[in-house]
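Residue-level listing of the chains:
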Amino acid sequence: MADPKRLKLFRNIGIIAHIDAGKTTLTERILFYTGRSHRMGEVHDGTAVMDWMEQEQERGITITSAVTTCRWRGHEIHLIDTPGHVDFTIEVERSLRVLDGAIAVFSGVDGVEPQSETVWHQADRHHVPKIAFVNKMDRIGADFTNTVNQIEDKFKTVPLALQLPIGIESDFRGVVDLVSMKQVLWLDETLGAEFRVEEIDPDLRDAANDARENLVAKLGEYDDDLMERYLGGEEITPDHLIPVIRRLTLELTAVPVLCGSALKNKGVQPLLDAIVDYLPSPLDVPAIEGENPATGAVEKRNSDEREPLAALAFKIFMEQGRKLTYLRIYSGILRVGADILNVSKGTREKVSRIFEMHANKRERIEKSGAGNLVAVLGLKTTTTGDSICDPERPLLLEPVDVYEPVISVSVEAQTRADQEKLFDSLAKLSEEDPTFRFTESADTGQTIVSGMGELHLEIVLNRLARDYHVAVNAGKPQVVYRETISRQSEGSGVFDREIGGTKHFAQVQVSLAPRQRGLGNSIVNRVRDASIPEIFFPAIEQGIQDAMGSGTVAGYPVVDVETTVFSGVFQEGISSELAFRVAASMAFRNAFEQAEPVLLEPCMLVEIMTPDESLGEVIDDINMRKGKIENIAVRKAIQVISAVVPLSRMFGYSTALRSSTQGRATFTMHFSHYDLASQ
């Protein structure tokens, strides 16, 4: 029988942040201080435990989310280190989908950066409680108060500063803990493993008292008992504060904020304490909900090993030709040798092995229960977002949101032997990464690979060569365009042919109307005169969808069009599903050509951080790229420019920006919307 006390000691958390905020460095310190690893790996010299891929070690960035387990104060912490680069945002999305809590890392120098906002909002969408850790407090320009204010302004949340930094920039040496009203100083000679907890220095006491009073007053607004104690002048202890902070954190009302310097080994142990004290266990989050595929009813599964098995596949990884499936187990027990049901695919699977993961190292276990993150061998048909359940009690969970690729390149194998392996290797890579797609162009015979950005495709092609030993030549990046219409129109399609000695006939009439950008396509049945029997409408719908796969302008998929089927002709004995499918496709194409079709291109939301003196050059360059400046904000000596720019104009922008600002400006971009292609 499952012990609820055991689940109360679990923490499933992720580390999320903008690129280069210090996520992986922080994770390395957590592993060292919890005894999970016996040396500190460093990102800059390629020795970080969690950045184990060759491509990560060479570039000094995280590319794939890595899972590990460590222990602190009797609690078991399952930890996922996620990438910060926007090209790998699917890794953050699928990690947050299965996590109960998160640590959002911010640079004390740069504050809230663009990708920090993206991952924060992703966490909010999944109702994930957060702790903020302001890192790099030892750097020149670090400003704890400014970062706390930015968190409040940009995320419209209540930041709870639980610490004050002791010393600034290179003199940073510790923190004042406002909950216990003690100061914590780290000993450099022990690599931060040892620290002293002391009474607060007299010269810091006034500032600490003011900050403590502000914290208690802020918490009192949400807790009547605490407010009564505060107004009555009673002593307020950590036992009074911690439950209130925890409750507000779990409700997503407030965010505890701590600070430190992961690289200089300061501030990590109090963060581990905060994970235990303030972030949820599996018992603190709502029961997972899903749909019973047989009845369509919504059912719940509590985080309990006594309940039927329910798990979600959140990541696939191919290792030496073998498929590892990462699962979050929400309820029940998963055992080696068990027969399980993939509800999403409707297939039975068998669990051959179960592993507890530590980055790319794994430890075999015989079973695992509710609340755990594990990797499994033997699941042949399972892909990202699939629901895994007890065959007798199926439950379809909400899948992982997948982003559409926005950039493509053509690839061709260098040798005939490589050509034979190319599609198999691409299939394995796309199974791992749902934002990577590949197709073979029917018109040109080229193999087209698509992804989220230039770096994303660069990494994929690098892995193709290193991991799968397939050498390819890549063409220039091509933008994935879309087509739509600019006015209403009508069209008719007639199919009247003899195939294999059997006559087939159908006529379909449709009208098209443009929809608001981003709403997608819709197909409406408005046949009111019984000219087309209802039984043929699925075939008509399929024919229209077939035609939407390639428009008439340049063969790109059609979007944002409402198609209304309003009439047709049916003849008893010779009308067939095939005839109606083809006639519907012809009718759509006929109407599409008359509706003044136009080309749409992906537009990117670009955020550029540049020094004041380079502002003019950066804006001129954006204007030359047909971009539209939406906002310019001042952040100390840095100007933050928000602009919408066509993706086709952004190739090579990284190099151009570096050269025009002497390498001092940085930028991030992510897909915004499709709009009319610029000339």
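Residues numbered from 1 in each chain as written. Predicted model: local features only at pLDDT ≥ 70, side-chain atom pairs only at ≥ 80, totals over all residues. Heavy atoms only, no water.

1. What about the sheet that holds strand β33 (residues 522-525)?
Across the sheet, which stays open at both edges, the 4 strands sit in the order β31-β32-β34-β33 with mixed pairing between neighbours. Each having just a single partner strand, β31 (489-499) and β33 make up the two edges of the open sheet. On average, adjacent strands in this sheet sit at an angle of 25 degrees to one another, irrespective of strand direction. Where strand β32 (residues 502-514) meets strand β34 (residues 561-569), 8 bridges bridge the pair, whose relative direction is antiparallel. Bridge assignment links Q507 to a residue of β34, and that residue is V569. Along the sheet, helix α13 (residues 537-548) contacts β32, β33 and β34; its crossing angle with β33, the most-contacted strand, is approximately 150 degrees. Most of the contacts of helix α14 (residues 577-594) go to β31, to which it runs at about 145 degrees, and overall it touches β31, β32 and β34. (Pairing = 2+ DSSP bridges. Helix = DSSP H or I, 4+ residues; strand = E, 2+ residues; numbered from the N terminus. Axes fitted to C-alpha atoms, helices over the stretch in contact; angles between N-to-C directions. Contact = heavy atoms within 4.5 Å.)

2. Remarks on the nonpolar core
Ranked by internal contacts, the top residues of the largest apolar core, which has 50 residues, are L26, I103 and L219. At 7 residues, the largest contribution of residues to this core is made by helix α10 (residues 268-278). Excluding anything up to four places from it in sequence, L26 contacts I15, I103, V105, F133, A262, V268 and L271. (Core = buried A, V, L, I, M, F, W, Y, C linked by side-chain atoms within 4.5 Å. Buried < 20%, exposed > 50% of the residue type's maximum accessible area, 1.4 Å probe, protein only.)

3. A look at the side chain of T435
Mapped onto the elements of the fold, T435 is located in the loop between α11 (416-432) and β26 (437-440). A polar side-chain atom of T435 sits 2.6 Å from a polar atom in the side chain of D433. (Polar contact = N/O pair within 3.5 Å; in protein donor to acceptor, adjacent residues only side chain to side chain.)

4. Considering the environment of Y222
Among the structural elements, Y222 can be located in the loop between α7 (202-220) and α8 (224-231). You can call Y222 partly exposed: its relative accessible area is 32%. Between the C-alpha atom of Y222 and that of L248, which follows or precedes it by 26 residues, the distance is 8.1 Å. Excluding residues within four positions of it along the chain, Y222 makes contact with V158, R247, L248 and T253.

5. Regarding unusual backbone geometry
At M181, a residue that is not glycine, the phi angle is positive and equals roughly 55 degrees. Of note in the backbone geometry, K626 takes a positive phi value of approximately 65 degrees without being a glycine. Examined against the element boundaries, K626 turns out to sit in the loop between α15 (615-624) and β36 (628-635).

6. What about the pattern of salt bridges?
In total, this model carries 27 salt bridges according to the counting rule given. Across the pair K345 and D386 runs a salt bridge whose closest N-O atoms are separated by 2.7 Å. Residue K345 is located in the loop between β17 (339-342) and β18 (347-350), and its partner D386 is located in the loop between β22 (373-377) and β23 (387-389); the two are separated by 41 residues in the primary sequence. A relative accessible area of 5% means that D386 is categorised as buried. One salt bridge in this structure joins R463 and E432, with 2.7 Å as the shortest N-O distance. Of this pair, R463 sits in helix α12 (residues 454-466) while E432 sits in helix α11; the two residues are 31 residues apart in sequence, bridging distant segments of the chain. Accessibility classification places R463 together with E432 in one group, the buried group. Via salt bridges that share partners, R73, D273 and D277 belong to a single interconnected network. (Salt bridge = Lys/Arg side-chain N within 4 Å of Asp/Glu carboxyl O.)

7. Overview of the packing of α13 against α14
Put simply, α13 and α14 touch, their axes get as near as 7 Å, and they point 40 degrees apart. Considering the angle they form, α13 stands oblique to α14. The two elements α13 and α14 cross, and the hand of that crossing is right-handed. Here A539, I540, Q542, G543, I544, D546, A547 and M548 of α13 come into contact with α14, specifically with E577, F580, R581, A584, S585, F588 and R589. When the residues that make up the contact of α13 with α14 are grouped by side-chain class, the tally is 8 nonpolar, 3 polar and 4 charged. (Parallel < 35°, antiparallel > 145°, perpendicular 65-115°, else oblique. Left-handed = near helix turned anticlockwise from the far one by under 90°. Nonpolar A, V, L, I, M, F, W, Y, C, P; charged D, E, K, R; others polar.)

8. Notes on the side chain of T484
Following the sequence through the fold, T484 ends up in strand β30 (residues 482-485). Look at T484 and you get buried, because its relative accessible area is 1%. At 2.8 Å, the side chain of T484 and the backbone oxygen of V559 are in polar contact. T484 has contacts with R517, V559, D560, V561, F592, E596, P597, V598 and L600, leaving out every residue within four places of it along the chain.

9. Comments concerning α7
Across its 19 residues, α7 extends 27 Å between first and last C-alpha, which sits within 8% of the 27 Å expected from 1.5 Å per residue. When α7 is considered as a whole, its buried residues turn out to be L204, A208, A211, R212, L215, V216, L219 and G220. Looking at the buried positions of α7, the neighbouring elements they touch are β6 (158-161), β7 (163-166), β8 (174-177), β9 (182-186), α8 and α9 (238-250). (Expected span 1.5 Å × (residues − 1).)

10. Points about the sheet that holds strand β2 (residues 66-72)
Here we have 7 strands laid out as an open sheet, ordered β2-β3-β1-β4-β5-β11-β6, and mixed in their pairing. Strands at the two margins of the open sheet, each flanked by one partner only, are β2 and β6. On average, adjacent strands in this sheet sit at an angle of 30 degrees to one another, irrespective of strand direction. The pairing of strand β1 (residues 10-17) with strand β3 (residues 75-81) spans 6 bridges and is parallel. Across the sheet, R11 pairs through a bridge with I77, a residue of β3. Against the sheet, helix α2 (residues 23-33) touches β1, β2, β3, β4 (101-107) and β5 (130-135), its axis set at about 150 degrees to β1. Sheet contacts for helix α6 (residues 144-155): β4, β5, β6 and β11 (254-259); angle to β11, the most-contacted strand, approximately 160 degrees.

11. Comments concerning the packing of aromatic side chains
Counted according to the given criterion, the structure contains 11 aromatic pairs. When the ring of F106 is compared with that of W120, the centres are 6.0 Å apart and the planes differ by 45 degrees; the resulting orientation is tilted. On the criterion of sequence distance, the pair formed by F106 in strand β4 and W120 in helix α5 (residues 114-125) is long-range, its members being 14 residues apart. Under the relative-accessibility criterion, F106 is labelled buried at 1%. Classification of W120 by relative accessible area gives buried; the value is 1%. Here the aromatic cluster, defined as three or more aromatic residues joined through ring pairs, consists of F106, W120 and F155. Between K315 and the ring centre of Y326, over which it is positioned, the NZ or CZ distance is 6.0 Å. Across from the ring centre of F355, 4.6 Å away, lies the NZ or CZ of R362, which sits over that ring. (Phe/Tyr/Trp six-rings, centres within 6.5 Å; stacked < 30°, edge-to-face > 60°. Lys NZ or Arg CZ within 6 Å of the ring centre and 35° of its normal.)

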